[in-house]
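# Commentary on secondary and tertiary structure
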Amino acid sequence: MTNDKQLMTNGKIMKILITGGAGFIGKWLIEKMPSDVEVVIVDSLDEQVHRRSKDFAPELLARAKCIKADVQDIGEHKEAIEGTDVVIHLAAQTGTGQSMYEISRYVQQNANGTAKLLELISSLEHKPRRIVVSSSRAVYGDGAYSDGKSILYSQGRRVEDLQNGIWEVCGADGQPLKSLPMHESHLTKPTSVYGFTKLWQEQLLQVYCESQGIDLVTLRFQNVYGPKQELGNPYTGIIGIFTNAIVQGNRLELFEDGKVTRDFVFVGDIADAVLECATYEKPLNTILNVGSGVAVTLVEVVETIAEVIGKKAEYTISGRFRVGDVRHAIADMENYKTTLGHWTPTSLKEGISQYLKWYLNQEPLEQATLEASLREMEQKGLLLAKK
Ligand code: UD1
């Protein structure tokens, strides 16, 4: 992504609206945004994500017109949004576990928020030519498997099996199936409320954009991590939680048998992908995975973090499990590479090094906050133990 190319639409400076622009990915986008793009941010500064500040950060105020509003009330800000060429829709609630009990909040913010954004767009005189939406690999749910002959889709792991320590998705013969990298052509079968709300966002946008001839780019992110990821939020993801525990010398807990796999993608790479899609000259009209394309087990991620910190990690493989978690997730990045011509993701070790440098200048997440979030999940019956 070059910062010096003049970004114009019909001879005018390009105007981009970023919903949720004050969040983790939004902050990176703003930093990388070419200087000649006019930017409007709409963000509610949700307390769960913005614990320490009720205002927009100075670097956002200096670069963009910042509007503090819930995306569900975006219709009240039509005047500031008129003339937008590209919408980057990031505003969403993102905690998979939390979505399983704060159900209406997730449905409201993610699905209704998108609906309200579309109603606003339909009332604009000048419609945007493109919308880029941050979706999630959560739409694939447990993903696709192979028995060596054909592609199979799991019905979701059964709680009863998990309680008996059967962690892998198994075939009819009870043998573990081979998990396949997630491909955009695979079926969407969410296993969490969060996953459903992301799928609904995708579908609302698809049907609307098609009717209006708006170019829609749906990006399905894997597990995003990196500097600026809110630390006060215990629903933030394991790289933050594990780094925090190892630096503080606290014992951490690995769920299941520690062999769950995830694809960790560095936030700077995500921001590059979003910007490239937002400013791409030709129509894209596509769904693309965005991940590192590398599967890492929970044990491997802890060991990598410990190696970067230079301290031994104390951990328990607890056999507890979160209801709704998927076992394996990794992105197939071929479609992305074919469409955009390149993809060179940051390695996990390099990304964690950058994260650690940033983390060491932050106030740590309090152990009590993390424990309270786990207790809450336990009380709701969503964090269970193996029998
Ligand atoms: C994450 C995101 C979600 C996003 C999805 C796909 C969070 C909270 N969720 O889900 O928004 O859509 O990726 O991009 O960032 N674990 C432990 N010990 C702990 C905490 C978690 O072993 O103390 C395990 C979990 O059971 C899970 C794995 O670590 O198997 C990853 O968990 P987490 O970081 O919460 O992310 P995802 O649920 O994968």
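- The chain has the name NAD-dependent epimerase/dehydratase family protein in an unreviewed UniProt entry, where Floridaenema aerugineum BLCC-F46 is given as its organism.
- You can read under Sequence similarities (unreviewed entry) in the UniProt record for the chain the words "Belongs to the NAD(P)-dependent epimerase/dehydratase family."

## Things to note about the sheet that holds strand β6 (residues 86-89)
- The seven strands are arranged β5-β4-β3-β6-β7-β11-β16 in an open sheet whose pairing can be described as parallel. Whereas interior strands pair on both sides, the edge strands pair on one side only; in this sheet they are β5 (65-68) and β16 (286-290). Strand-to-strand twist in this sheet, taken as the mean axis angle between neighbours without regard to direction, amounts to 15°.
- Bridge count between strand β3 (residues 15-19) and strand β4 (residues 38-43): five bridges; the pairing is parallel. Considered in β4, the bridge of Thr19 is made with Val42.

## Focus: the UniProt feature "domain: NAD-dependent epimerase/dehydratase" (unreviewed entry) in the chain
- On the UniProt side, "domain: NAD-dependent epimerase/dehydratase" (unreviewed entry) is annotated at positions that read residues 16-145 and 174-291 here.
- Between the C-alpha atoms that bound residues 174-291 there is a distance of 30 Å. The span itself is 37% helix and 21% strand.

## Regarding the site of the ligand
- In the vicinity of the ligand, 21 residues are found, and the nearest of them are Thr94, Gln222, Tyr235, Arg262 and Asp325.
- Take Thr96: an N or O atom from its side chain is 3.5 Å from an oxygen atom of the ligand.
- Between an oxygen atom of the ligand and a side-chain N or O atom of Asn223, the distance comes to 3.0 Å.
- Elements supplying a minimum of two residues to the shell around the ligand: α7 (238-248) and β13 (252-254).
- Here the residues of the shell around the ligand sort into nine nonpolar, seven polar and five charged.

## Side note on the packing of aromatic side chains
- Considering all chains together, one arrives at eight aromatic pairs under this definition.
- Between Tyr225 and Phe264, the ring centres sit 6.4 Å apart and the planes meet at 80°, which makes this aromatic pair edge-to-face. Of this pair, Tyr225 sits in strand β12 (residues 223-225) while Phe264 sits in strand β15 (residues 264-266), placing them 39 residues apart in sequence. Each member of the pair, Tyr225 as well as Phe264, carries the same accessibility label: buried.
- By the ring-pair criterion, three or more aromatic residues cluster together here, those being Trp28, Tyr225, Phe264 and Phe266.

## Re the sheet that holds strand β10 (residues 178-179)
- Here three strands make up an open sheet; going across it, the order is β9-β8-β10 and the pairing antiparallel. Because the sheet does not close on itself, it has two edges, and the strands there are β9 (151-153) and β10.

## Let's talk about the nonpolar core
- Grouped together as the largest cluster of nonpolar side chains are 70 residues, with contacts concentrated most on Ile18, Ile88, Leu219 and Ile239.
- Those residues in contact with Ile239 that sit more than four places away from it in its chain are Tyr225, Phe264, Val301, Ile305, Leu348, Ile352 and Tyr355.
- Of all hydrophobic cores here, the second largest spans 23 residues; its members include Leu17, Val71, Leu124 and Ile214.

## Description of the pairing of β5
- Inspection of the sheet shows β4 paired to β5 by four bridges, in the parallel sense. Across the sheet, residue Ile41 finds its bridge partner in β5, namely Cys66.
- This β-α-β element, β4 to helix α2 (residues 58-63) to β5, shows right-handed connectivity.

## Notes on the pattern of salt bridges
- In total, this model carries 18 salt bridges according to the counting rule given.
- Between Glu102 and Arg105 there is a salt bridge, with the nearest N and O atoms lying 2.6 Å from each other.
- In this structure Arg105 comes out as partly exposed when scored by relative accessible area, which is 24%.
- A salt bridge links Arg327 to Asp257; the nearest nitrogen and oxygen atoms lie 2.9 Å apart.

## Description of the environment of Val49
- Mapped onto the secondary structure, Val49 falls in the loop between β4 and α2.
- What makes Val49 partly exposed here is its relative accessible area of 28%.
- Beyond its immediate chain neighbours, meaning those up to four positions away, Val49 contacts Glu230 and Asn233.

## Considerations on the side chain of Gln222
- By the secondary structure assignment, Gln222 is in the loop between β11 (215-221) and β12.
- When sequence neighbours within four positions are dropped, the list of residues in contact with Gln222 reads Arg137, Met182, Asp263, Val265, Val290, Gly291, Ala329, Ile330 and Ala331.

## Things to note about helix α12 (residues 367-379)
- Helix length check: α12, at 13 residues, gives a terminal C-alpha distance of 18 Å against a target of 18 Å (1.5 Å per residue), a fit within 8%.
- All of the buried residues in α12 are Leu370, Ser373 and Met377. Around the axis of α12, the buried residues are gathered within 60° of arc, so they sit on the same side.
- Looking at the buried side of α12, the elements it contacts are α7, β19 (320-322) and β20 (383-385).
- Where α12 terminates, the next one or two residues include Gly381, which has phi positive at roughly 75°.

## Some points on helix α9 (residues 298-309)
- With twelve residues, α9 extends 17 Å from end C-alpha to end C-alpha; this agrees with the ideal 16 Å at 1.5 Å per step.
- Within α9, burial applies to Leu298, Val301, Val302, Thr304, Ile305 and Ala306.
- Tucked into the core, α9 has its buried residues touching α7, β13, β15, β17 (296-297), β18 (315-317) and α11 (348-359).
- Phi turns positive one or two residues past the end of α9, at Gly310, with a value near 80°.

Rules behind the numbers
Residues numbered from 1 in each chain as written. Predicted model: local features only at pLDDT ≥ 70, side-chain atom pairs only at ≥ 80, totals over all residues. Heavy atoms only, no water. UniProt positions renumbered as here; feature names shortened; annotations may be inferred. Pairing = 2+ DSSP bridges. Helix = DSSP H or I, 4+ residues; strand = E, 2+ residues; numbered from the N terminus. Axes fitted to C-alpha atoms, helices over the stretch in contact; angles between N-to-C directions. Near = heavy atom within 4 Å. Polar contact = N/O pair within 3.5 Å; in protein donor to acceptor, adjacent residues only side chain to side chain. Nonpolar A, V, L, I, M, F, W, Y, C, P; charged D, E, K, R; others polar. Phe/Tyr/Trp six-rings, centres within 6.5 Å; stacked < 30°, edge-to-face > 60°. Buried < 20%, exposed > 50% of the residue type's maximum accessible area, 1.4 Å probe, protein only. Core = buried A, V, L, I, M, F, W, Y, C linked by side-chain atoms within 4.5 Å. Contact = heavy atoms within 4.5 Å. Right-handed = clockwise from strand over helix to strand, strands pointing away. Salt bridge = Lys/Arg side-chain N within 4 Å of Asp/Glu carboxyl O. Expected span 1.5 Å × (residues − 1). Arc of directions from axis to C-beta.

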